[in-house]
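# Results of the structural survey
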Amino acid sequence: MYTFGDKINYLRKCRQKTQDEIAAAVGTTKSTISKYERNLVEPTLESAKNLADYFMVSLDWLAGNGGYENIKRNIPKDVFNGYIKVIERAVSQEVTADNLGDALNFISKIKNSNIKSDS
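A few points on the structure. (Residues numbered from 1 in each chain as written. Predicted model: local features only at pLDDT ≥ 70, side-chain atom pairs only at ≥ 80, totals over all residues. Heavy atoms only, no water.)

### A closer look at the nonpolar core
Generally speaking, a soluble globular protein has its nonpolar side chains buried in company with each other. In terms of nonpolar packing, the biggest core is built from 15 residues, with Phe 4, Ile 33, Leu 51, Phe 55, Val 57 and Leu 62 touching the most fellow members. In terms of residues, this core owes the most to one element, helix α4 (residues 45-55), which gives four residues. Those residues in contact with Ile 33 that lie beyond four places of it in its chain are Gln 19, Ile 22, Ala 23, Val 26, Thr 28 and Leu 51. (Core = buried A, V, L, I, M, F, W, Y, C linked by side-chain atoms within 4.5 Å. Buried < 20%, exposed > 50% of the residue type's maximum accessible area, 1.4 Å probe, protein only. Helix = DSSP H or I, 4+ residues; strand = E, 2+ residues; numbered from the N terminus. Contact = heavy atoms within 4.5 Å.)

See below:
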C-alpha cells in the first residue's frame, strides 16, 4: 500500500517541482513537505486538502485509497480552455514557436491519457 508521503513524492516528481515550490503553493515549508514525503509527520486535514487541490487528486486517493492508477486526470476548465486557444492560434498560424510547443505537448498528453476538461 502506498503512503501519503509516497504519493506526495510521486506527484511532486511527476510535475517536476521542488519541495520549495510545493510548500509555497500550499502555504507551508519545505521542511514540512520533506517530513510528509518521508512519512515522519501526518498532515492536518487542511494541509491534506490543500495538497490534494494543488495536485488535482482526490483527498480520498491521497489519504490511501487506491494506487497510482487512480490519479484524477481532470484539469481545470480554464487551463484546458487556454490550451484550446493555443491550438486554435496554431491552426490559424498566429502562434510563436514557444506556443506551438505548448500546444503539441498538450495534444501529446491527451493522446496518452484520459485528460479531459472538468466542465
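### Describing the side chain of Gln 19
With respect to the helices and strands, Gln 19 occurs in helix α2 (residues 19-26). For Gln 19, a relative accessible area of 15% corresponds to the buried category. Residues contacting Gln 19, with those up to four places away along its chain left out, are Arg 12, Lys 30, Ile 33, Ser 34 and Glu 37.

### Here's the deal with α2
All of the buried residues in α2 are Gln 19, Ile 22, Ala 23 and Val 26. The buried side chains of α2 occupy one side of the element, clustering within an arc of 100° when seen end-on. Contacts from the buried residues of α2 go to α1 (4-14), α3 (30-37) and α4. (Arc of directions from axis to C-beta.)

### Quick word on unusual backbone geometry
A negative phi angle is the norm for most residues apart from glycine, just as the trans form is the norm for most peptide bonds. Even without being a glycine, Gln 16 presents a positive backbone phi close to 50°. With respect to the helices and strands, Gln 16 occurs in the loop between α1 and α2. In this model, Asn 39 sits at a positive phi of 60°, which is unusual for a non-glycine residue. As for its position among the elements, Asn 39 is in the loop between α3 and α4. You can call Asn 39 partly exposed: its relative accessible area is 39%.

### Regarding the packing of aromatic side chains
According to the stated counting rule, one finds two aromatic pairs in the structure shown. Arranged with centres 5.8 Å apart and planes meeting at 90°, the rings of Phe 4 and Tyr 36 form a pair that is edge-to-face. Here Phe 4, found in helix α1, pairs with Tyr 36, found in helix α3; they are 32 residues apart in sequence, far enough to count as distant. Summarising the burial analysis for this pair, Phe 4 and Tyr 36 share the class buried. Plain terms: the ring middles of Tyr 54 and Phe 55 are 5.0 Å apart, the flat faces sit at 80° to each other, and that makes the pair edge-to-face. Relative accessible area serves as the criterion here: at 0%, Phe 55 is assigned to the buried category. One residue, Lys 7, lies across the ring of Trp 61, its end atom 4.2 Å from the ring centre. (Phe/Tyr/Trp six-rings, centres within 6.5 Å; stacked < 30°, edge-to-face > 60°. Lys NZ or Arg CZ within 6 Å of the ring centre and 35° of its normal.)

Remember that the coordinates give geometry; whether it matters functionally is a separate question.
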